[in-house]
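Next come the chains, spelled out residue by residue.
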Amino acid sequence: MSKRVVIPIGPQHPALKEPGSFIITLEGEKVVGAQVEVGYNHRGIEKACESRTYIQNLYIIERVCGICSHAHSTAYLQAIEELAGVAIPRRAAYIRSIMGELERLHSHLLWLGVAGHEIGFDTLFMYAWRDRELVLDVLAMLGGNRVNYGINTPGGVRRDIDPEHIQKIRDMVDIVEERNKYYINLALGETTLHARLGGVGRLSHEEVIKFGAVGPVARAAGVAFDVRQAEPYAAYDEAQVKVITDDHADVFGRTVVRVLEIMESIRLLRFLLDNLPEGEIITKMPRRIPAGETVSRYEAPRGEDVHYVCANGTDILERIRVRAPTEANWHGMSHMLENDYLADVSIIIAAIDPCYSCTDRSIVIDNRDSGQQTIFDWKQLRQYSIDWYRNRGVDPAKLANRLPRL
Amino acid sequence: MAKRNIIEKAIDWSRRKSPWIIHFNAGACNGCDIEVVDALTPRYDVERFGMLLKGTPRHADVLVCTGAVTLQTRDRLKRIYEQMPEPKFVLAVGTCACSGGIFEDCYCVSGGMDTVVPVSAYIPGCAARPEAILDAVVKLLTSLEKSQKAIDN
């Protein structure tokens with residue numbers, strides 16, 4: 001057996017723009033073990049939400065992630081609207097869907113650019129990001145901001161779409177469609193791209209199900225799951241989504257799924273604009289949400305986004321839990337990295353379109369170095385946390401009485 | 001301060017004309033980071049001011065930093081700052097980097113960028129627009145030029 005080398009990558013690294021740390025064990029050039037350490041972006045959003053009102057939470061939830069901000073705010077609002085028993089107007093539902101599809105457009109174009117950059121195809125990076133600007137212009141026109149649009153509000157949306165806006169969206173969609181045809185040709189026909197990405201970062205159909213991967217990662221392995229189709233929200237009960245799948249189960253498959261999803265988003269956008277109903281865009285929403293708990297699902301560009309909200313009858317929520325799509329995709333990461341080359345690490349990591357700011361709620365450690373996996377059960381995990389604090393001079397037993405009981 | 005000799009002048013001139021930047025996310029929501037990268041792409045094209053995004057702090061003159069500093073990244077940010085060669089500048093991009101913003105009182109957040117490293121320019125905005133980032137860069141370079149001329153006179 002050749003000598004093993006351990007290379008730590010991150011948290012600051014040239015490959016990605018966000019802090020994440022990877023400890024890669026190499027045998028020669030081959031990756032034999034990978035340890036993923038996230039948590040650098042943990043800001044404590046869930047806790048912060050517990051001391052703010054529902055309206056204030058909307059703006060902090062929107063800033064869970066700057067790329068899928070609409071996904072998070074819509075998922076959160078769907079939950080509290082369900083608890084309050086409020087049905088939003090159809091026009092508002094359509095506008096939410098339109099924003100969601102525009103967001104998917106810009107997010108997939110962004111990913112395409114980043115993926116191009118990772119494989120040394122900087123021309124694609126510049127092309128994709130230039131086209132993405134057109135989408136951002138439209139988002140800024142509709143929401144008033146390029147990144148966190150702030151169009152959502154409890155009970156509907158804050159801004160209406162005028163016929164003038166519709167025309168501008170149509171113009172943009174036409175250009176992006178034309179450009180995207182070029183990307184589809186590139187993804188499906190370019191032999192160098194296939195040679196570079198084919199077979200890299202494999203996660204088979206069974207493994208996707210085993211690790212609970214979501215979004216384009218799952219669909220690239222032939223798992224035809226899309227929340228928009230499985231459990232329609234907003235306007236997706238009328239705008240039928242065709243689920244895009246592929247059977248390559250590698251980075252190449254993920255690329256194909258994403259470029260084809262851009263086409264599907266464009267089709268959906270045209271449908272939503274054609275069938276945009278007249279009427280109100282907002283309905284009255286109570287300040288206090290009745291006690292109860294619910295789970296809301298949303299198909300973010302990266303996969304299924306789950307929000308759990310527990311309300312206690314006041315204007316401040318009891319507990320919120322955000323399960324961002326990237327968090328689900330991390331579990332399969334060390335399997336994707338294994339048996340690939342060091343040079344492929346950055347594109348494999350980029351291929352799940354990781355969003356650390358979304359994810360950083362927990363830490364996943366999969367220790368391959370010893371060839372064994374340790375699984376903590378609840379008791380061990382609890383003991384671990386007690387020991388952790390005790391080693392730092394804090395005795396949880398003494399603190400326990402001071403914590404408020406729920 | 002003593003007047004600069006011809007070589008120092010040449011170094012200062014070239015530094016002004018091609019400041020290399022490094023980007024670090026200290027706990028941002030990704031919004032400002034994407035806008036920083038956006039500034040490099042064709043519509044804004046920050047490279048026309050001679051700026052080049054580098055992967056390592058040892059090559060960089062300007063640290064472009066986004067986000068409210070989380071406790072996890074605080075020490076890393078300090079280390080990255082210390083690794084940069086003198087003279088070095090820090091741009092705090094976005095409201096979170098300026099003051100902590102919406103995350104100010106979160107339990108895992110240390111606050112704005114200036115609680116950890118000295119900041120040369122603050123760029124507010126949620127997210128800071130690429131135009132604002134370009135403007136800050138140009139202002140930083142202009143102030144650098146002024147201070148260098150002031151040494152000579």
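Residues numbered from 1 in each chain as written. Chains lettered and ligands numbered in written order. Predicted model: local features only at pLDDT ≥ 70, side-chain atom pairs only at ≥ 80, totals over all residues. Heavy atoms only, no water.

A.B. asks: I would appreciate a short explanation of the overall build of chain A in the present structure.
C.D. replies: On a plain count of helices and strands, chain A comes out with 17 helices and eight strands. In terms of overall dimensions, chain A has a C-alpha envelope of 70 × 65 × 35 Å along the principal axes. Looking at chain A as a whole, 56% of its 406 residues are labelled buried. In chain A, the share of contacts with a sequence separation of at least 24, taken over all contacts with a separation of at least 6, comes to 71%. For chain A, the accessible surface area stands at approximately 16800 Å², while carbon and sulfur atoms represent 53% of it. (Helix = DSSP H or I, 4+ residues; strand = E, 2+ residues; numbered from the N terminus. Buried < 20%, exposed > 50% of the residue type's maximum accessible area, 1.4 Å probe, protein only. Contact = heavy atoms within 4.5 Å. Areas by Shrake-Rupley, 256 points an atom, 1.4 Å probe, with all protein chains shown as cover.)

A.B. asks: I would appreciate a short explanation of the pattern of salt bridges in the present structure.
C.D. replies: Scanning the model with the defined rule gives 38 salt bridges over all chains in all. Taking the shortest distance from any N to any O, the salt bridge between A:Arg179 and A:Asp131 comes out at 3.1 Å. Linking A:Arg179 in helix α6 (residues 163–189) with A:Asp131 in helix α5 (residues 122–143), this pair joins segments that are 48 residues apart in sequence. Overall, A:Arg179 belongs to the partly exposed group, its relative accessible area being 21%. On the basis of relative accessibility, which here comes to 3%, the residue A:Asp131 falls in the buried class. Between A:Asp137 and B:Arg43 there is a salt bridge, and its shortest N-O distance comes to 2.9 Å. Linking A:Asp137 in helix α5 with B:Arg43 in the loop between α2 (31–38) and β2 (52–53), this pair reaches from one chain into another. Here the salt bridges share partners, and the residues they tie into one network are A:Glu101, A:Arg104, A:Arg219, A:Asp226, A:Arg228, A:Glu261 and A:Glu299. (Salt bridge = Lys/Arg side-chain N within 4 Å of Asp/Glu carboxyl O.)

A.B. asks: Honestly, a nonpolar patch on the surface in this entry has me stumped. Any pointers?
C.D. replies: Residues and elements named next belong to chain A. The grouping of Tyr384, Trp388, Tyr389 and Val394 at the surface amounts to a nonpolar patch, some 390 Å² of accessible area in total. Tracing the chain through its elements places tryptophan 388 in helix α16 (residues 378–391). The exposure class of tryptophan 388 is partly exposed, given its relative accessible area of 37%. (Patch = residues over 30% accessible without salt bridge, like charges linked within 9 Å, V, L, I, M, F, W, Y side chains within 5 Å.)

A.B. asks: Hey, could you run me through the sheet that holds strand β1 (residues 4–9) of chain A in this one?
C.D. replies: Backbone-to-backbone hydrogen bonds pair the strands of a sheet. The strands run either parallel or antiparallel. All names here are of chain A. Strand order in the open sheet made by the three strands is β1-β2-β3, with antiparallel pairing throughout. The outermost strands of the open sheet, each flanked by one partner alone, are β1 and β3 (30–37). The mean inter-strand angle of the sheet, taken between neighbouring strand axes irrespective of direction, is 20°. As paired strands, β1 and strand β2 (residues 21–27) are joined by six bridges and run antiparallel to one another. What sits directly across from valine 6, in β2, is threonine 25. (Pairing = 2+ DSSP bridges. Axes fitted to C-alpha atoms, helices over the stretch in contact; angles between N-to-C directions.)

A.B. asks: Before we go on, may I ask you to explain the interface of chain B and chain A in this structure?
C.D. replies: When the parts of a complex come together, some accessible area is lost, and that lost area is often used as the size of the interface. At the junction of the two partners, chain B supplies 39 residues and chain A supplies 40 residues. On inspection of chain B and its partner chain A, the count reaches six salt bridges. Along the contact surface separating chain B from chain A lie 13 residue pairs in polar contact (both at pLDDT 80 or more). Residue assignment for the side of chain B that touches chain A shows that the elements contributing at least two residues are β1 (20–25), α2 and α3 (71–83) of chain B. With six residues, α2(B) is the largest single contributor of residues to the side of chain B that touches chain A. Its residues placed into classes, the side of chain B that touches chain A shows 22 nonpolar, 10 polar and seven charged. (Polar contact = N/O pair within 3.5 Å; in protein donor to acceptor, adjacent residues only side chain to side chain. Nonpolar A, V, L, I, M, F, W, Y, C, P; charged D, E, K, R; others polar.)

A.B. asks: Looking at this structure, I do not really get the packing of aromatic side chains. What am I missing?
C.D. replies: Two numbers describe a pair of aromatic rings. These are the distance of the centres and the angle of the planes. Taken as a whole and assessed by the stated rule, the structure comprises six aromatic pairs over all chains. Judged by centre distance (5.9 Å) and plane angle (55°), the rings of A:Phe22 and A:Trp330 are tilted. Remark: A:Trp330 occurs in helix α12 (residues 325–330) and A:Phe22 occurs in strand β2; sequence separation between them is 308 residues. Take A:Trp330: its relative accessible area is 2%, and that puts it in the buried class. Through a chain of ring-to-ring contacts, three or more aromatic side chains come together here, namely A:Tyr127, A:Tyr182 and A:Tyr183. The positively charged end of A:Arg132 is found above the aromatic ring belonging to A:Trp129, 4.8 Å away from the centroid. Note that B:Lys54 overlies the ring of B:Trp20, its terminal NZ or CZ placed 4.4 Å from the centroid. (Phe/Tyr/Trp six-rings, centres within 6.5 Å; stacked < 30°, edge-to-face > 60°. Lys NZ or Arg CZ within 6 Å of the ring centre and 35° of its normal.)

A.B. asks: What am I meant to see in the side chain of A:Ser69 here?
C.D. replies: Residue and element names in this part refer to chain A. Along the chain, the position of serine 69 falls in helix α3 (residues 69–84). By relative accessible area, serine 69 is classed as buried at 0%. Excluding residues that lie within four positions of it along the chain, serine 69 makes contacts with Glu62, Glu103, Val147, Asn148 and Tyr149.

A.B. asks: Before we go on, may I ask you to explain helix α11 (residues 251–274) of chain A in this structure?
C.D. replies: Helical geometry note: an α-helix holds 3.6 residues per turn, so side chains three or four residues apart project in the same direction. With 24 residues, α11(A) ought to run about 34 Å at 1.5 Å a step, and its terminal C-alpha atoms sit 35 Å apart, in line with that. Burial analysis of α11(A) places 18 of its 24 residues in the buried class, the great majority of the element. (Expected span 1.5 Å × (residues − 1).)

A.B. asks: So what exactly am I meant to see when it comes to the environment of A:Asp131 here?
C.D. replies: As for A:Asp131 and A:Ile175, which are separated by 44 residues in sequence, their C-alpha atoms are 8.4 Å apart. Filtering out sequence-adjacent residues up to four positions away, A:Asp131 remains in contact with A:Leu109, A:Val176, A:Arg179 and A:Tyr183.

A.B. asks: Teacher, can you tell me more about the nonpolar core here?
C.D. replies: One recurring pattern in soluble globular proteins: nonpolar side chains tend to sit buried together. Counting 122 residues, the largest nonpolar core has A:Tyr76, A:Ile98, A:Leu102, A:Leu105, A:Trp330 and A:Leu337 as its most contacted members. The leading source of residues in this core is helix α4 (residues 90–118) of chain A, at 13 residues. In contact with A:Leu337, other than residues within four places in its own chain, are A:Ile24, A:Val31, A:Ala34, A:Val345, A:Ile348 and A:Ile349. Core analysis: the next-biggest nonpolar cluster, separate from the first, contains 24 residues, A:Val147, B:Tyr44, B:Phe89 and B:Val137 among them. (Core = buried A, V, L, I, M, F, W, Y, C linked by side-chain atoms within 4.5 Å.)

A.B. asks: Honestly, the side chain of B:Asn25 in this entry has me stumped. Any pointers?
C.D. replies: Within the secondary structure layout, B:Asn25 lies in strand β1. For B:Asn25, the side chain forms a polar contact with the side chain of B:Asp33, separated by 3.1 Å. Dropping the residues within four chain positions of it, B:Asn25 is found in contact with A:Lys17, A:Glu18, A:Pro19, A:Asn41, B:Asp33, B:Thr66 and B:Thr73.

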